[in-house]
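Architecture and fold: a report
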Amino acid sequence: MCGIIGYIGKNVKKNLIEGLERLEYRGYDSAGMVIQYNNNFIVRKTVGSVDNLKENVKDIEFDGVGIAHTRWATHGKISLENCHPHFSFKNEICLVHNGIIENFEKLKEKLVKKGIKFYGETDSEVVAKILGENLSLKKIKKLFSLLEGSFSIVSISKNKKELFFAKYKSPLYIAFKEKSMMVASDPSCFFGKFNKYLTIDDGEYGKISLNGIEVYNQDSQMVEKKVSKIKTKELADDKNKFKYYMLKEINESKSIIDNIIERYKQSQLIFRLKSLNIKNFNRIYLVGCGTAYHAGLVGQMYFKEMLEKDIFVCKASEFIFEKNILDNKSLCFFISQSGETADTITALKFAKNRGAKTIAIVNAEYSTITRIADDFFPICAGLEKAVASTKAYLAQCIIFYILAKSFKNEDFISNLITFKGKLSLGNNSLIKRLASYLSYKDKVFFIGRGIDYITSLEAALKLKEITYIYAFAECSGELKHGTLALIEKEIPVIVVATDKKTFAKVLNNAYEVKARGGKLILITSIAINKEIKDNFDFIIKIRRCDEKFLPIQSIIILQKLAYFTAVKMGLNPDMPRNLAKSVTVE
Ligand code: G6P
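The rules behind these values
Residues numbered from 1 in each chain as written. Predicted model: local features only at pLDDT ≥ 70, side-chain atom pairs only at ≥ 80, totals over all residues. Heavy atoms only, no water. Domains from an automatic or database assignment. Contact = heavy atoms within 4.5 Å. Buried area = accessible area lost by both parts, 1.4 Å probe. Salt bridge = Lys/Arg side-chain N within 4 Å of Asp/Glu carboxyl O. Polar contact = N/O pair within 3.5 Å; in protein donor to acceptor, adjacent residues only side chain to side chain. Helix = DSSP H or I, 4+ residues; strand = E, 2+ residues; numbered from the N terminus. Near = heavy atom within 4 Å. Areas by Shrake-Rupley, 256 points an atom, 1.4 Å probe, with all protein chains shown as cover. Nonpolar A, V, L, I, M, F, W, Y, C, P; charged D, E, K, R; others polar. Axes fitted to C-alpha atoms, helices over the stretch in contact; angles between N-to-C directions. Parallel < 35°, antiparallel > 145°, perpendicular 65-115°, else oblique. Pairing = 2+ DSSP bridges. Phe/Tyr/Trp six-rings, centres within 6.5 Å; stacked < 30°, edge-to-face > 60°. Buried < 20%, exposed > 50% of the residue type's maximum accessible area, 1.4 Å probe, protein only. Lys NZ or Arg CZ within 6 Å of the ring centre and 35° of its normal. Arc of directions from axis to C-beta. Patch = residues over 30% accessible without salt bridge, like charges linked within 9 Å, V, L, I, M, F, W, Y side chains within 5 Å. Lys, Arg positive; Asp, Glu negative; His and termini not counted. Charge placed at Lys NZ, Arg CZ, Asp CG, Glu CD. Core = buried A, V, L, I, M, F, W, Y, C linked by side-chain atoms within 4.5 Å.

This paragraph deals with the domain arrangement of the protein. In terms of domains, the protein is made up of domain 1 (3–233), domain 2 (245–422) and domain 3 (428–568). Domain 2 and domain 3 are separated by 27 Å when their C-alpha centres are compared. Contact residues are listed per partner, giving 26 residues for domain 2 and 24 residues for domain 3. Roughly 2300 Å² is buried in total at the junction of domain 2 and domain 3, and carbon and sulfur atoms are behind 75% of that figure. For the pair domain 2 and domain 3, the number of links is one salt bridge. In this structure, the connection of domain 2 to domain 3 is made through eight residue pairs in polar contact (both at pLDDT 80 or more). Sorting the residues of the side of domain 2 that touches domain 3 by element identifies α7 (245–251), α10 (290–306), α14 (391–407) and α15 (413–422) as the ones contributing at least two each.

This paragraph deals with the site of the ligand. Taken together, the neighbourhood of the ligand is formed by C289, T291, A292, S336, Q337, S338, T341, V387, S389, A580, K581 and V583. One of the backbone nitrogen or oxygen atoms of T291 is found 3.1 Å away from an oxygen atom of the ligand. Measuring from an oxygen atom of the ligand, one finds a backbone N or O atom of V387 at 3.0 Å. Coverage of the ligand by the protein chains reaches 88% of its 390 Å² of free accessible surface. Looking at side-chain class alone, the shell around the ligand contains five nonpolar, six polar and one charged residues.

Okay, the packing of α10 against helix α17 (residues 451–467) next. Two elements in contact, α10 and α17, have axes whose closest approach is 10 Å; the angle formed by their N-to-C orientations is 170 degrees. By the criterion of interaxial angle, the relationship of α10 to α17 is roughly antiparallel. Residues G290, T291, H294, L297, V298 and M301 of α10 pack against I451, I454, L457, E458, L461 and K462 of α17.

All right, on to the sheet that holds strand β14 (residues 227–229) then. Strand order in the open sheet made by the eight strands is β3-β2-β4-β1-β10-β9-β11-β14, with antiparallel pairing throughout. The outermost strands of the open sheet, each flanked by one partner alone, are β3 (40–47) and β14. On average, each strand axis in the sheet is inclined to that of its neighbour by 20 degrees, with strand direction left out of account. Here three bridges tie strand β11 (residues 196–199) to β14, and the two strands are oriented antiparallel to one another. Its bridge partner lying in β14, L198 is registered against V227. Strand contacts of helix α1 (residues 12–23): β1 (3–9), β2 (30–37), β4 (64–71) and β10 (180–184), with the helix running at about 155 degrees to β1, the strand carrying the most contacts.

According to the stated counting rule, one finds 25 aromatic pairs in the structure shown. When the ring of F151 is compared with that of Y168, the centres are 5.9 Å apart and the planes differ by 45 degrees; the resulting orientation is tilted. Taken together, the residues F151 in strand β7 (residues 149–157) and Y168 in strand β8 (residues 163–168) connect sequence positions 17 residues apart. Relative accessible area serves as the criterion here: at 1%, F151 is assigned to the buried category. Relative accessible area serves as the criterion here: at 34%, Y168 is assigned to the partly exposed category. Here Y244 and Y563 contribute two aromatic rings whose centre-to-centre distance is 6.3 Å and whose plane-to-plane angle is 70 degrees, an arrangement assigned as edge-to-face. Here Y563 lies in helix α20 (residues 550–568) and Y244 lies in the loop between α6 (232–235) and α7, a separation of 319 residues in the sequence. The pair formed by Y244 and Y563 is uniform in burial state, with each residue classed as buried. Three or more aromatic residues joined by ring pairs form one cluster here, namely F144, F151, Y168, Y205 and Y216. A cation over a ring is seen here: K129 above F118, with NZ or CZ 5.3 Å from the ring centre.

Turning next to the pattern of salt bridges. What the rule picks out here adds up to 32 salt bridges. Between K54 and E21 there is a salt bridge, with the nearest N and O atoms lying 2.6 Å from each other. On the criterion of sequence distance, the pair formed by K54 in helix α2 (residues 50–56) and E21 in helix α1 is long-range, its members being 33 residues apart. Assessed through its relative accessible area of 36%, K54 is described here as partly exposed. As a salt-bridge pair, E252 and K248 come within 3.0 Å of each other at their nearest N and O atoms. K248 carries the same exposure label as E252, and that label is buried.

What follows covers α15. What α15 keeps buried is the set I413, L416 and F419. One side of α15 holds all its buried residues, which, seen down the axis, span an arc of 125 degrees. Where α15 is buried, its residues meet α8 (253–264), α14 and α20.

Here the focus is a positive patch on the surface. A grouping of K500, K533, K541 and R544 is seen on the molecular surface, where their side chains present a positively charged patch. Tracing the backbone through its elements, the reader meets K533 in helix α19 (residues 530–534). Exposure remark for K533: the relative accessible area of 45% places this residue in the partly exposed category.

Bringing the nonpolar core into the picture now. Ranked by size, the top nonpolar core spans 95 residues in total, and within it F303, F333 and L403 carry the most contacts. The element best represented in this core is α14, accounting for 13 residues. Counting the residues that make up this core, at least three belong to each of domain 2 (245–422) and domain 3 (428–568). With near-sequence residues (within four places) excluded, F303 lies in contact with I284, L286, I311, F333, F400, L403, A404 and F407.

Next up on the list: the environment of K420. Here K420 is to be found in helix α15. Taking the C-alpha atoms as reference points, K420 and I257, separated by 163 residues in sequence, lie 6.6 Å from one another. Every residue in contact with K420, bar those within four places of it in the chain, is listed here: K254, I257 and D258.

What follows deals with the sheet that holds strand β18 (residues 357–362). Ordered by their spatial adjacency, five strands build an open sheet running β16-β15-β17-β18-β19, and the pairing between neighbours is parallel. Pairing within the sheet leaves two strands with one partner each, and these edge strands are β16 (310–315) and β19 (375–378). Averaged over all adjacent pairs, the angle separating strand axes in this sheet is 20 degrees, with direction ignored. In this structure, strand β15 (residues 283–288) lies alongside strand β17 (residues 330–336), joined through five bridges in parallel fashion. From the neighbouring strand, R283 faces β17, where its bridge partner is S330.

Next comes the structure, spelled out in C-alpha cells:
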C-alpha cells in the first residue's frame with residue numbers, strides 16, 4: 001500500500017507535500033520526506049497524517065530533488081523507525097516503496113549476516129540496503145531478479161539531481177514539463193501542475209533528470225512511452241463548502257447520474273455495450289472487494305432479472321482459490337473504484353489467463369485494472385477521496401443497470417433521467433437525530449430480504465468502517481437461525497424494507513426482534529398504517545421511485561446515517577483508523 005512521490009524542480013517541498021496530500025487516501029499511518037541539499041539529505045518523518053509532516057517541514061524552502069511517502073503499515077508497527085524514506089547502510093541513498101516484498105525476511109537475514117544494521121522492521125528497508133551506496137540503472141534492474149512480491153520504488157542519492165525508479169505490480173506514473181518532473185503512485189498528484197504524463201509498466205525501470213526521462217524494459221532496451229493527457233475534470237478534488245469529502249461525495253449523486261447519461265449516450269460507449277454479445281457466454285462473474293463486491297451483488301440482481309444465465313458474485317481475494325469454471329464462455333466483470341486493488345488485479349489476471357472475457361467496471365480510467373482488462377466501462381463518478389466509498393457504489397450499481405438493460409436491447413436513458421428527477425438526498429435533520437441516538441451504541445444490526453439485504457450489507461460496512469461501531473447485517477429470515485441470540489434489550493436493529501414482495505415477512509422478522517427488547521428502526525419506501533408505525537421506535541421514509549433504483553435511493557440515506565454518526569462521535573469520516581482507500585497489497 002502507501003503512496004510514493006518523487007520530484008525534481010522548483011519548490012520541491014511544496015510539490016511533495018501537495019502530492020502527498022493527494023496520495024493520503026493510500027494510507028496515513030506516517031509520512032516522511034527527504035530532500036537533497038548541498039550533497040546531503042534533509043530528512044523529516046512524522047507519525048500520523050501529512051498535516052503532521054507539514055508542520056515539520058515549515059523551515060525547508062529549496063529547489064532541487066526529493067522523495068516522499070505516506071504509509072499504510074503492512075510490515076512493522078506505526079513508528080518513526082518504520083516511516084519511509086529508508087536509507088542504505090552508509091546513508092548515501094534513500095528510497096520510498098509501495099508494495100510488499102514477500103521474500104524480505106530471507107534477504108534481510110543474508111544482509112544482517114554481512115553486518116548490515118537495520119533500524120526498522122519494514123520490508124522496504126531491505127530494498128534500500130540491497131541497493132547500497134551508488135545508484136545506477138544496473139542496480140535498479142537487479143531488483144527485479146532479487147525481489148519477490150510487488151514494488152514501485154523511487155530512489156535518490158546525495159549528490160545527483162536524478163530520480164531512479166522501478167515498477168512491478170504497484171502503480172507508477174511520471175509527469176513532465178520543461179523544468180520539472182514528478183513520479184508518483186497516482187496521476188492525481190499531477191493535477192494543476194502538469195498536463196502530460198507517462199504510465200510505467202511492469203518490469204520497467206529508469207532514471208529521471210531535468211535532461212529527460214529514460215525508461216528501460218527487462219532487455220535493457222529504452223522504451224518509447226505513450227504520452228497521456230491529464231484529465232483535469234476527473235482529478236479535481238475541491239471540498240467546496242463541505243467539511244469532509246464523504247458528505248460532498250454523497251451530495252454529488254445527482255450530478256453523477258448526469259455524467260453517466262452524458263457519457264453513455266456517446267457512440268463509443270454504445271458501440272462497446274453492443275459489442276458485448278451476451279449470447280456468447282454461459283456464465284457471468286462479478287468480482288470485487290468491499291463496497292465494489294456489494295455493487296456486484298446489486299449487479300447480479302439486475303442481471304438475474306434480465307438474463308437466463310449462471311451469475312456468480314465473488315470476493316476478489318477468494319476468487320483464485322475457488323473452483324470457478326473459467327473459459328472463453330465466461331464473462332467476468334472486475335469492479336473497482338480505484339482500479340488498483342491488488343486482490344482484484346490478481347483475480348483479473350487469473351481469469352484472463354484462463355481465456356475468460358474480462359471487463360473492468362472502474363472509476364479511475366487510467367488504472368492498472370483498466371489496462372489489463374479486455375474492455376472497460378467507466379462509472380463516471382469523478383475522483384472519490386473519502387476512504388469509505390459512496391458515490392462510486394451508486395455509479396457502479398447504475399452501470400450494472402445499464403449493462404442489464406442493454407443486454408436486453410432496452411432503453412435505459414429515459415429511466416435514468418426520471419430516476420434522477422426523483423432522487424432524494426434525504427432529510428438531514430431526521431437522519432441526524434437517528435445518528436445521534438446510534439452514536440451512543442456499541443452494536444447495531446441491519447436486516448432485510450433480497451435487495452434490501454444487500455443494502456443492509458453495504459450500510460453495515462459504511463457504519464462500521466467510519467464509526468467503529470460493531471455493525472452486522474443479516475437476512476431477516478435468517479435471524480431465527482442464530483443471530484437472534486444476540487438480540488437483547490435496547491439493541492438497535494435497522495430494518496431495511498423497500499421491496500413490497502418481502503415487506504410482510506420482513507415485518508414479522510422485525511417483530512421477533514421487538515419481542516426480545518430490541519429497538520426497531522424502519523427504513524422504507526412503502527406506505528405504512530398506524531399499527532405498523534406503532535411497532536417502530538424510529539422511521540425514515542425513503543422517496544418512492546422505480547423499484548430497480550430503490551437500493552440506490554436507500555443506500556444514500558444509510559451512507560448519510562453512517563456519516564452523521566461518525567461526525568457526532570467526533571471522528572473524521574474521511575480517514576477511518578486502520579484503513580486506506582486504495583488497497584494495493586493482497
Ligand atoms: C478499500 C476501500 C473501500 C473499497 C475497497 C475496494 O477497502 O476502503 O472503500 O470499496 O477497498 O476498492 P476498489 O478501489 O477496488 O473499489
